[in-house]
Amino acid sequence: MRVLYVEDDPRDADLARRELARQAPHISIDVATTLGEARARLADAALYDLVLTDLRLPDGSGLELVTEIREQALPVAVVALTGLIDGDTAVTALKAGADDFLVKREDYLARLPAVFDAALARFRAEASHRACPLRVLYAEDNATDIDLTRRHLARYAPHIQMDVALSIPELLQRLPLTAGEPCPCDVLLLDYCPPGLDALSALKTIREERRLDLPVVLITGQSDGEVVAQAFRFGATSSVVKHPGYLFTLSAMLESAHDRDQLAREQASLQESEQRHRNLVTTIPGAVYEFRIDAAGHCSMPFISERIADLMGLPSADIMADVEVAFQRIPADAMPAMEQSIRQSLESLAPWLHEFPIRTTTGETKWLRGHSMPRRENDGATRWYGVLVDITERMRAETALRQNRNFLQAMMDYLPVAVFAKSEPDGKFVLWNKAEERLLGLTSEQVLGKTDYDFFPADQADFFRQKDRVTFEKRTVEDIPDEPIDSPALGRRSLHTIKVPIYDEHNAPQYVLGISEDITKRKQMEAALQAAQEQVRQMQKMEALSRLAGGIAHDFNNLLTAILSQSELILMALADRDPALRNDVEAITQAVRRGAALTRQLLTLSRRQPLQTTVLDLTRLVADLAPMLQRMLGEQVALEVRPDSTGHPITADPGQMEQVLLNLAINARDAMPEGGRLALTVTDVTLDESSVQHHPGLPPGHYVRLTVSDTGSGMDEETQRHLFEPFFTTKEKGKGTGL
């Protein structure tokens with residue numbers, strides 16, 4: 001508040017400034033020591049809210065300043081200050097336009113803040129009142145009275161706008177017929193003896209027939225109590241007698257009648273509002289409350305509705321008397337969160353929203369939800385207006401729902417199959433169990449809210465989404481027996497996936513639920529089993545052949561032994577005689593020896609002839625055989641030997657190894673009639689558990705691998721299926737190496 005203090009005594013001015021600084025630091029004060037200085041400072045009246053003026057000044061009277069302020073309609077309140085205890089002086093100051101006065105006695109300095117607040121409030125209320133014009137309809141036929149009244153109001157109450165009806169019929173014609181229609185005036189000024197109908201008849205028509213709720217001031221020519229009583233009975237608001245000077249009281253009477261009417265309307269509206277408030281408070285399913293924390297931090301509950309008894313079992317009066325009885329119902333472990341929430345709302349003036357448990361007077365535990373809006377007051381206190389609602393059932397339902405969700409989540413997480421769900425139509429993941437995490441190496445935090453395109457190649461993501469759409473188009477479960485997927489954690493996997501469409505209450509696609517089983521190992525095992533079965537068939541076939549070959553070789557070897565023996569006897573008998581015959585017998589002997597070598601091979605195939613194994617260096621064996629192989633291959637075929645092994649020794653039959661290489665080299669040459677390249681590569685390898693799955697019967701360990709590759713025509717799939725059959729060939733009759 002900004003105050004101009006007009007005072008010529010510097011001691012009084014200093015005392016006033018000191019007292020205001022101590023009591024009301026929000027009030028700032030400037031001092032003018034003369035009337036002239038005060039006028040100069042008020043040239044810009046917007047600088048001040050109030051003028052405090054001593055009535056005795058060195059260059060004039062403070063009353064002059066008060067009169068000038070009111071004549072110039074300056075927007076400031078005025079308080080007159082005098083050292084005399086004189087009622088006439090105070091009345092004179094108030095008539096001049098002062099809003100209040102103060103006598104310089106012992107305690108006047110302590111009263112300054114309260115007097116200033118009251119004077120400023122009164123001035124602003126009257127200014128607001130004067131700013132709204134008061135419309136008066138005056139029923140009067142006397143031109144002189146009309147003229148006097150109009151001129152008086154124009155001078156002393158310019159905010160009163162007066163219109164005139166010269167008779168009662170004209171008055172009734174200008175008034176509305178019902179209460180709902182617009183009215184041309186705020187107050188009706190009615191002469192008791194107008195021409196035509198009398199005032200009492202007009203009042204009956206206004207009140208009883210038209211039901212107009214309009215304040216009526218009755219003017220009578222004499223002080224007749226009976227007339228006034230009848231007028232009040234028919235609905236007059238007030239009355240005034242035409243005595244000398246009555247016009248000076250008329251404006252106040254008109255304003256009083258209007259104010260009383262407005263007050264009655266506001267009281268009726270307030271009563272209606274209070275009734276609505278009571279109905280609302282009793283209807284709201286909770287307790288309405290007002291909570292306050294003063295500047296010192298003390299808490300109170302100025303109001304709380306009776307519904308609190310249903311929530312806590314405590315009467316509202318007990319809580320309003322001492323709010324601690326309510327806080328004592330909150331468990332100790334819940335109080336820190338409660339205090340923190342109140343502190344945050346207090347500091348930020350943000351809405352207070354908190355859910356907390358209580359123990360009722362019967363020992364029952366309930367959950368309440370509080371919601372209120374804070375408001376800071378001028379004295380530094382903070383008030384919250386809000387409601388407390390019982391949410392016990394909701395909390396129980398949420399707890400049950402959370403337990404069910406945890407149960408379902410635990411069940412899904414421990415399922416051996418991967419489970420996922422995607423929302424439609426955006427395809428975002430909303431469910432992802434532990435098996436999915438293990439399969440793809442992606443946690444639910446990484447996946448939820450994202451789509452297939454965030455993790456998989458575009459072609460795979462397109463395939464997944466296309467299957468989702470098919471699921472909804474067919475409106476049935478989609479079974480995908482073999483679904484390929486590239487797992488960031490495990491590489492290419494094969495899944496058996498089932499997709500289930502889920503619809504909302506409007507039968508629109510909402511989710512697609514997927515259940516995937518990793519069948520990669522099963523497929524590998526099935527392939528391995530098929531290969532093993534094929535090998536068993538080959539082994540059975542080879543076993544049968546070896547038995548046949550062994551039997552034939554054994555019998556044939558017996559025949560060859562006899563032939564060889566006889567041939568050697570003949571050679572011994574011939575000695576040097578008959579060279580021609582000797583040559584023939586030697587030819588028979590050589591043929592028998594070759595037949596014996598073939599018999600040994602057949603016996604080896606039948607496992608009746610042991611291999612002549614030895615420890616050898618496979619890299620050196622290949623290197624030693626290379627010159628002979630190159631001569632056999634010819635110039636059109638280039639031989640490459642790649643000894644990448646470190647020379648680990650192996651156990652093998654060197655003759656058999658050479659024959660294998662020789663046969664493979666001849667086959668390679670035949671497959672490259674136009675020339676090409678034959679490569680022999682020796683490398684060291686280590687086979688682990690996963691590697692030996694492709695080689696049934698082979699234990700894990702360190703091995704030397706011999707690879708023979710050429711650039712020839714190769715073998716088709718049908719030929720590869722007969723690769724290890726000993727008597728199968730693709731060559732023409734008379735060509736090839738036979739076994």
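A short tour of the structure in this document, coming up. (Residues numbered from 1 in each chain as written. Predicted model: local features only at pLDDT ≥ 70, side-chain atom pairs only at ≥ 80, totals over all residues. Heavy atoms only, no water.)

**A short note on helix α1 (residues 10-23)**
Filter applied, for reference: A run of H or I in DSSP becomes a helix once it reaches four residues, and a run of E becomes a strand once it reaches two; helices and strands are each numbered from the N terminus. One fewer than the residue count of a helix, multiplied by 1.5 Å, yields its expected span. Each residue gets one of three labels from its accessible area relative to the maximum for its type: buried under 20%, exposed over 50%, partly exposed in between, using a 1.4 Å probe on protein chains only. Arc definition: it is the arc formed by the directions from the helix axis to the C-beta atoms. Under the rule applied, a polar contact is a pair of N or O atoms within 3.5 Å (in protein, one hydrogen donor and one hydrogen acceptor; residues adjacent in sequence only if both atoms are side-chain atoms).
Over its 14 residues, α1 runs 20 Å from end to end, which matches the ideal 20 Å to within 8%, given 1.5 Å per residue. All of the buried residues along α1 are Asp 12, Ala 13, Ala 16, Glu 19 and Leu 20. Here the buried residues of α1 occupy an arc of 135 degrees about the axis, which is enough to place them on one side. Those residues of α1 that are exposed and aimed more than 90 degrees away from the buried face are Pro 10, Arg 11, Arg 18, Ala 21 and Arg 22. In this structure Asp 9 caps α1, since a side-chain oxygen of it lies 3.0 Å from the backbone nitrogen of Arg 11.

**Thoughts on the sheet that holds strand β24 (residues 637-643)**
Strand pairing in a sheet relies on backbone hydrogen bonds, with the paired strands running either antiparallel or parallel. Let me state the cut-off plainly: Any two strands between which DSSP finds at least two bridges are classified as paired. Orientation is described by axes fitted as lines to C-alpha atoms, over the contacting stretch for helices, and by angles from 0 to 180 degrees between their N-to-C directions. For this analysis, residues touch if any pair of their heavy atoms sits within 4.5 Å.
Reading across the sheet, the three strands line up as β24-β26-β27 and stay open at both edges, with mixed pairing between neighbours. Each edge of the sheet is formed by a strand with only one pairing partner; in this case those strands are β24 and β27 (701-710). For this sheet the average axis-to-axis angle between neighbouring strands, irrespective of direction, equals 15 degrees. With 10 bridges joining them, strand β26 (residues 676-687) and β27 adopt antiparallel strand pairing. Among the inter-strand pairings, Val 685 is bridged to a residue of β27, identified as Tyr 703. Contacts from helix α22 (residues 654-671) reach β26 and β27 within the one sheet, and its direction differs from that of β27 by about 30 degrees.

**Looking at the sheet that holds strand β18 (residues 418-423)**
Taken in spatial order, the five strands line up as β19-β18-β22-β21-β20 in an open sheet, and their pairing is antiparallel. Two strands bound the open sheet, and with one partner strand each, they are β19 (429-432) and β20 (478-487). Recorded for the sheet is a direction-independent mean angle of 30 degrees between the axes of neighbouring strands. Pairing between β20 and strand β21 (residues 491-503): eight bridges, direction antiparallel. Opposite Asp 479, over in β21, you have Ile 498 as the bridge partner.

**Here we look at the packing of aromatic side chains**
We count it as follows: Aromatic rings from Phe, Tyr and Trp, with only the six-membered ring used for Trp, were paired whenever their centres fell within 6.5 Å, and each pair was classed as stacked if the ring planes differed by under 30 degrees, edge-to-face if by over 60, and tilted otherwise. Criterion for a charge above a ring: Arg CZ or Lys NZ at most 6 Å from the ring centre, at most 35 degrees from the ring normal.
Applying the stated criterion across every chain yields a total of eight aromatic pairs. Here a set of aromatic residues connected by ring pairs shows up, and it is made of Phe 291, Phe 327 and Trp 384. Taking NZ or CZ as reference, Arg 475 lies 4.3 Å from the ring centre of Tyr 503, over its face.

**Section: empty space enclosed by the protein**
Which entries qualify depends on this criterion: With a 1 Å grid laid over protein atoms only, a set of points is called a cavity when a 1.4 Å probe fits there but cannot get out and a pocket when it is open yet has protein on both sides within 12 Å along at least five of seven lines; lining residues have an atom within 4 Å of a point. Grid points are joined across faces, edges and corners, and a volume is the space filled by probe spheres set on the points. Residues are grouped as follows: nonpolar covers Ala, Val, Leu, Ile, Met, Phe, Trp, Tyr, Cys and Pro; charged covers Asp, Glu, Lys and Arg; every other residue, Gly included, is treated as polar.
Summed over all chains, the structure comprises two cavities of 30 Å³ or more. By volume, the largest cavity amounts to about 240 Å³. What lines the largest cavity is a set of 18 residues, and nearest its centre among them are Met 301, Phe 327, Met 338, Trp 352 and Leu 388. Of the residues that constitute the lining of the largest cavity, the class distribution is 17 nonpolar, one polar and no charged. As a volume, the second largest cavity reaches approximately 140 Å³. Along its surface, the second largest cavity is lined by 15 residues, and Phe 420, Glu 436, Phe 456, Phe 464 and Ile 485 are the ones closest to its centre. Counting only elements with at least two residues in the lining of the second largest cavity, the list comes to β18, β19, α16 (434-440), β20 and β21. Looking at the lining of the second largest cavity element by element, the count peaks at three residues for α16. Considered class by class, the residues forming the lining of the second largest cavity number nine nonpolar, one polar and five charged.

**Observations concerning the state of the cysteines**
Cut-off, in case you're wondering: Any two cysteine sulfur atoms lying within 2.5 Å of each other are counted as a disulfide.
Counted under the stated rule, the structure contains zero disulfides. Take Cys 185: it sits in no disulfide, and the sulfur closest to it among the cysteines is that of Cys 183, at 4.0 Å.

**Concerning the environment of Gly 491**
With respect to the helices, strands and loops of the structure, Gly 491 is situated in strand β21. If we skip the residues at most four places from it in the chain, Gly 491 touches Ile 485 and Asp 486.

**Quick word on the pattern of salt bridges**
Definition in use: In what follows, salt bridge is the name for a side-chain nitrogen of Lys or Arg lying within 4 Å of a carboxyl oxygen of Asp or Glu.
This structure, assessed with the given rule, holds 49 salt bridges. In this structure, Glu 377 and Arg 292 form a salt bridge, with 3.6 Å as the shortest nitrogen-oxygen distance. With a gap of 85 residues between them, Glu 377 in the loop between β16 (365-376) and β17 (382-390) and Arg 292 in strand β13 (residues 286-293) connect regions that are remote in the sequence. A relative accessible area of 17% means that Arg 292 is categorised as buried. Salt bridges here are not isolated pairs; linked through shared partners, they connect Glu 290, Arg 292, Arg 375, Glu 377, Asp 379 and Arg 383.

**What to know about the pairing of β19**
In this sheet, β19 lies alongside β18 in antiparallel orientation, the contact comprising three bridges. Residue pairing in the sheet places Lys 422 in a bridge with Phe 429 of β19. Where β18 folds back on β19, the antiparallel hairpin that results is connected by five residues, among which Gly 427 adopts a positive phi of roughly 70 degrees.

**Regarding a nonpolar patch on the surface**
In plain terms, the rule: Only residues whose relative accessible area exceeds 30% and that form no salt bridge are eligible for patches; like-charged ones are grouped when within 9 Å, while nonpolar side chains (Val, Leu, Ile, Met, Phe, Trp, Tyr) are grouped when within 5 Å. Exposure was quantified through the Shrake-Rupley algorithm and a 1.4 Å probe, taking into account, for residues, occlusion by the shown protein chains and nothing else.
Nonpolar side chains collect at one region of the surface, where Leu 548, Ile 552, Phe 556, Leu 559, Ile 563 and Ile 588 lie side by side and expose about 550 Å² of accessible area between them. Take the nonpolar patch: its biggest share by element is five residues, from helix α19 (residues 520-574). Judged by relative accessible area, which is 52%, Leu 548 ranks as exposed.

**Details of unusual backbone geometry**
Cis rather than trans, the peptide bond between Glu 424 and Pro 425 has omega equal to 5 degrees. Of note, the phi angle at Arg 211 is positive, near 55 degrees, even though the residue is not glycine. Among the structural elements, Arg 211 can be located in the loop between α8 (199-209) and β11 (216-220). Judged by relative accessible area, which is 61%, Arg 211 ranks as exposed. Even without glycine at this site, Asn 507 takes up a positive phi of about 65 degrees. If you trace the backbone, Asn 507 turns up in the loop between β21 and β22 (509-518).

**Side note on the nonpolar core**
Filter applied, for reference: Residues belong to one nonpolar core when they are buried, are Ala, Val, Leu, Ile, Met, Phe, Trp, Tyr or Cys, and are joined through side-chain atoms within 4.5 Å.
Core analysis: the largest hydrophobic core is formed by 25 residues, its most contacted members being Phe 291, Ile 308, Met 312, Ile 319, Ile 330 and Phe 356. Of all elements in the fold, only β13, β14 (299-304), α11 (308-312), α13 (324-327), α14 (335-348), β15 (352-359) and β17 reach the threshold of two or more residues within this core. Those residues within four positions of Ile 308 in sequence are excluded, and the remaining contacts are Ala 287, Gly 313, Leu 314, Pro 315, Ser 316, Ile 319 and Leu 388. Counting 24 residues, the second largest nonpolar core, distinct from the first, contains Ala 16, Ile 29, Val 31 and Phe 123.

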